[in-house]
Amino acid sequence: MNIAVVGSGYVGLVSGTCFSEMGNHVTCVDIDPVKIEKLNKGIIPIFEPGLEAMVLKNVKKRNLEFTTSLSEAIANAKVVFIAVGTPMGDDGSADLQYVLAVAKSIGETMTKELVVVDKSTVPIGTADKVKATIQGQLDKRGLAINFHVVSNPEFLKEGAAIDDFMKPDRVVIGAESDYAFDVMKQLYSPFFRTHDRFITMDIRSAEMTKYAANAMLATKISFMNEIANICERVGADANQVRIGIGSDKRIGYSFIYPGAGYGGSCFPKDVKALKKIAEEHGYKANLITSVEDVNDAQKLVIAQKIVNRFGEDLSGLTFGLWGLAFKPGTDDMREAPAIYVVKELVKRGAKVKAYDPKAIEEAQEFYLKGVDGITYYESKYEVLKDADALILLTEWKEFRSPDFDEIKQQLKSAIVFDGRNQYNAFNLESKGFEYIQIGK
């Protein structure tokens, strides 16, 4: 099948590449000529395990192309995916200007029947706006061309997006016509053997499904962090509580690890957007609001533990930091706890020596740009030299079983602040460490 994917960011590039892997011909479109030039040279703008190799392979097979021309991309396409950004507005709502700009361009250039798919995470009712925008342009051109708008939310985890796309838990399709459902089923059939994973529904329910899924997962995270904070105050161990409740199949172990809060491109934005959607329809989402409030506070819990240990004034102290990305397997630092912890520590006079396997450039160029008091290193042990403590904020694999003797040798004092409870099982106190974690 010939497919066009508009937007060559995270969702668009992963989706287009995976569709091409199944033998489809995919043209990815982006208005940024520099990005397209880099992609045509084999330079991938994001880090995602397995993505670069898959892109290069399918470009070589001519299953995957990149262009800045939308009209060129949709000329022979049967399906057009809209996968552009929906950044958060000042009021917490999702900004649809890029989605609707693409819809306008589709209406201006389409010449035959198309299935137009909203792949971006968009507010409920966006498909109606996309449909009206395309129809408005066709009316201006005096053309009567059939088109079908579909909602197909993505459920990709950064760091595991290729596996998530190639082996999906479910594919959710919201549409209004049998033709659209049939086309989407043909497109996704190679990705699963059993059709119970292909879930069809009305468009608004599909749009809501994405927000509900992310809000549910964010709720589990904030719930467990709140339990962890209570555990600290009553003398319980949140790590043991997690095991106790996770053994209940109705709850499970996923997303109930105490930590420094959630970040990334999805949970923070989608929780805010869902709260805003509720407000716009006359409903106060108390639970969703609390999920966000707990998470905002949780991002500073480790910083507060450091203040509790060393005092309000951190002048003259240096901290070695392991982890900048919001989670392992990605260079994404959007809403990462590290941003908040670093800024709080340097504000109080501390110095920070940071290491991350993938996110250093993101920190330097965007999220911690201009922040005085932080320096970056290429080795996890190098940041510990003469530091007053180690802070762990991202659970990269290379941090899971480090050389604790080396850590102790490099640090001034054998103190570890564990923002992910990564070392709970190592009994660091018996190794001579002062071990400070979350929920105990």
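Residues numbered from 1 in each chain as written. Predicted model: local features only at pLDDT ≥ 70, side-chain atom pairs only at ≥ 80, totals over all residues. Heavy atoms only, no water.

Here the focus is the sheet that holds strand E10 (residues 351-355). Spatially, the 6 strands line up as an open sheet ordered E11-E10-E9-E12-E13-E14, and their pairing is parallel. The open sheet has two edge strands, strand E11 (374-376) and strand E14 (434-436), and neither has a second partner. Averaged over all adjacent pairs, the angle separating strand axes in this sheet is 20 degrees, with direction ignored. Helix-sheet contacts for helix H14 (residues 337-347) involve strand E9 (318-322), E10, E11 and strand E12 (389-392), and the interaxial angle to E10 is about 155 degrees. (Pairing = 2+ DSSP bridges. Helix = DSSP H or I, 4+ residues; strand = E, 2+ residues; numbered from the N terminus. Axes fitted to C-alpha atoms, helices over the stretch in contact; angles between N-to-C directions. Contact = heavy atoms within 4.5 Å.)

Taking 1.5 Å of rise per residue, 12 residues should cover 16 Å, and helix H1 (residues 10-21) covers 17 Å from first to last C-alpha, within 8% of that figure. Across the 12 residues of H1, 11 count as buried, placing the element largely inside the fold. Inspection of H1 places Tyr-10, Val-11, Gly-12, Leu-13, Val-14, Ser-15, Gly-16, Thr-17, Cys-18, Phe-19 and Ser-20 among the buried residues, and these make up the whole buried set. Looking one or two residues past H1, Gly-23 carries a phi angle of roughly 100 degrees, positive in sign. (Expected span 1.5 Å × (residues − 1). Buried < 20%, exposed > 50% of the residue type's maximum accessible area, 1.4 Å probe, protein only.)

Our focus in this paragraph is empty space enclosed by the protein. According to the stated counting rule, one finds 2 cavities of 30 Å³ or more in the structure shown. Its boundaries defined by the atoms lining it, the largest cavity holds a volume of some 50 Å³. In this structure, the largest cavity is lined by Asp-118, Ser-120, Thr-121, Val-122, Ser-151, Pro-153, Glu-207 and Lys-210. Of the residues assigned to the lining of the largest cavity, the class counts are 2 nonpolar, 3 polar and 3 charged. The calculated volume of the second largest cavity comes to roughly 30 Å³. (1 Å grid on protein atoms, 1.4 Å probe; cavity = no way out; pocket = protein on both sides within 12 Å on 5 of 7 lines; lining within 4 Å. Points joined across faces, edges and corners; volume = space filled by probe spheres on them. Nonpolar A, V, L, I, M, F, W, Y, C, P; charged D, E, K, R; others polar.)

Now for the nonpolar core. Trp-322 and Leu-324 are the most contacted members of the largest nonpolar core, which has 59 residues in total. Among the elements that take part in this core, H14 stands out by supplying 6 residues, more than any other. (Core = buried A, V, L, I, M, F, W, Y, C linked by side-chain atoms within 4.5 Å.)

Taken as a whole and judged by the stated rule, the model has 23 salt bridges. Here Lys-299 and Glu-335 are joined by a salt bridge, their closest N and O atoms 3.0 Å apart. Of the two residues, Lys-299 is situated in the loop between helix H12 (286-298) and helix H13 (301-310) and Glu-335 in the loop between E9 and H14; the sequence distance between them amounts to 36 residues. Residue classification places Glu-335 among the partly exposed residues on the basis of a relative accessible area of 29%. Between Arg-309 and Glu-434 there is a salt bridge, with the nearest N and O atoms lying 2.7 Å from each other. Here Glu-434 lies in strand E14 and Arg-309 lies in helix H13, a separation of 125 residues in the sequence. Arg-309 gets classed as partly exposed once you look at its relative accessible area, which sits at 35%. A relative accessible area of 31% means that Glu-434 is categorised as partly exposed. It is possible to trace a salt-bridge network through shared partners that takes in Glu-312, Glu-344, Lys-347 and Arg-348. (Salt bridge = Lys/Arg side-chain N within 4 Å of Asp/Glu carboxyl O.)

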